Amino acid sequence: MHVKSAINTGSMTASRNADREKARLVAYNEGFKKFMEKAMKDAEKAKGGAQ
Amino acid sequence: MMNYDEFKETIADEIKDFLPEKFEDSNVQINTVQKNNEQLDGLTITSPDSNVSPTIYLNSYYESYQDGESIEDILQNIATVRMDHEVDKSFDITKITDFEQAKDHIAPRVIGMEDNAELLAQRPHSEMDDLAVTYCVMLGSDENGSMSVPITNQLMESWGVTQEELHDIAISNLESLSPSTFKSMNEVMAEMMLPQMIEECGGDRDMAEAMLSAMMPPEEKMYVISNEEKLNGAAALLDDKLMDSIREKIGDDFFILPSSIHECLVVPADAGMELRDLENMVKEVNETQVAPQDRLSDHVYQYDADSHEVFRADRADERQAEKEAAKEDKTPAKGEKAVDKKAEKEETRASLKERLAEKKKEIASGEKKEPAKDLGKKKETVI
């Protein structure tokens, strides 16, 4: 939005973009899940090796 | 095929032919608009009876043109967007220009410094490691979104306030203007995805919940901080109360992942992920999933509870060494009280209140002092 005045404020209207929000949060969630699952498997392997 | 400059010129020259007669005397302009991490070309068509007009960004229209859309169709689409966003009544500009009216609506924004040098040269800001805090005047929300005006050096100077004053006002307005939120990733994912999943499962909620649960990590170790609108929610990092409550909930040590300017993620340091893993994750998601205008930073951060500051995690050792060196330099003499940061902050707030009261008096009496000469980070102004 542009407001005509002595000061050009360059005001703006922003709206939440749910698709973009979903894309990045799902990516983080997946990355974290993969990491945690791998860490759990490694821990189990280490446990098995120790036994 | 027209190049981009020819395309912009054609749009500016021809657009009135696609608009109703009442736009005949309107003023057509194309301005460069600095957005987060990018520069866009905004078209404005301002009719003589209104002082407000939407800005229509031409960059994506040129991409459509390159993909084969005809210039006539593009002009028609732009005209439709312009008419759909027509504001009949004139906007009351004093909501922005009158500091007394604007001050209760000043809110902070957090953006990355790296790709925003030009934008930051035009706006008062404070630095938080490689993040910058900028300020805006919130003008309200409607079905199109939340309307705000970024505070430029010029606007700040016209108010006669300093960047430090703006900062304190913005922080004190944070709770009332955009209350912060702290939720587990599971909760956020459920809010975002469960309704659609229930629909896809033919209304079977249990099945949808089972599907969602399969998507989640085995342990709940990731949290999301933002605000209720989920817009520019990275500013929640400035909410000391929120940050302290996170420490109470998950412990002193946690990493902050700058997922976007709209929200950040919190991972406890004992979640088992190394800093390097987290940094790689942030870089990868930024590259593949985050739109440039939403991007905040490629680094991972931590929170210093004593100074209420967010800092880059890869600089933690450097920062600690600096702090220790500073401590040695400033060791209080026997009997001298050590400086309490909180008390110092309270003092600043109190003096700000006094200065604001003074300013109110000044305005009421019709006298206006010259703005302070040293306005912090002012570099240039754009009218």
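This text gives an overview of the structure that appears in the document.

Criteria and cut-off values
- Residues numbered from 1 in each chain as written.
- Chains lettered and ligands numbered in written order.
- Predicted model: local features only at pLDDT ≥ 70, side-chain atom pairs only at ≥ 80, totals over all residues.
- Contact = placed C-beta atoms within 7 Å.
- Helix = DSSP H or I, 4+ residues; strand = E, 2+ residues; numbered from the N terminus.
- Nonpolar A, V, L, I, M, F, W, Y, C, P; charged D, E, K, R; others polar.
- Pairing = 2+ DSSP bridges.
- Axes fitted to C-alpha atoms, helices over the stretch in contact; angles between N-to-C directions.
- Parallel < 35°, antiparallel > 145°, perpendicular 65-115°, else oblique.
- Left-handed = near helix turned anticlockwise from the far one by under 90°.

1. A short note on the interface of chain A and chain B
With 32 residues of chain A in contact, the opposing surface of chain B contributes 51 residues. Of all elements in the fold, only β1 (2-3), β2 (12-14) and α1 (18-50) of chain A reach the threshold of two or more residues within the side of chain A that touches chain B. Top contributing element to the side of chain A that touches chain B by residue count: α1(A), with 17 residues. A per-class count over the side of chain A that touches chain B returns 14 nonpolar, 10 polar and eight charged.

2. A look at the sheet that holds strand β4 (residues 55-57) of chain B
Residues and elements named next belong to chain B. Strand order in the open sheet formed by three strands is β1-β2-β4, and the pairing between neighbours is antiparallel. The open sheet has two edge strands, β1 (27-35) and β4, and neither has a second partner. Neighbour-to-neighbour, the strand axes of this sheet turn through a mean angle of 35°, independent of strand direction.

3. Describing the packing of helix α9 (residues 185-200) of chain B against helix α10 (residues 205-215) of chain B
Residue and element names in this part refer to chain B. Taken N-terminus to C-terminus, the directions of α9 and α10 make an angle of 135°; their axes are 9 Å apart at the nearest point. Compared by their axis directions, α9 and α10 come out oblique. Crossing geometry of α9 relative to α10 is assigned as right-handed. For the pair α9 and α10, the contacting residues are M189, A190, M193, L194, M197 and I198 in the first and R205, A208, M211 and L212 in the second. Here the contact of α9 with α10 is built from residues that sort into nine nonpolar, no polar and one charged.

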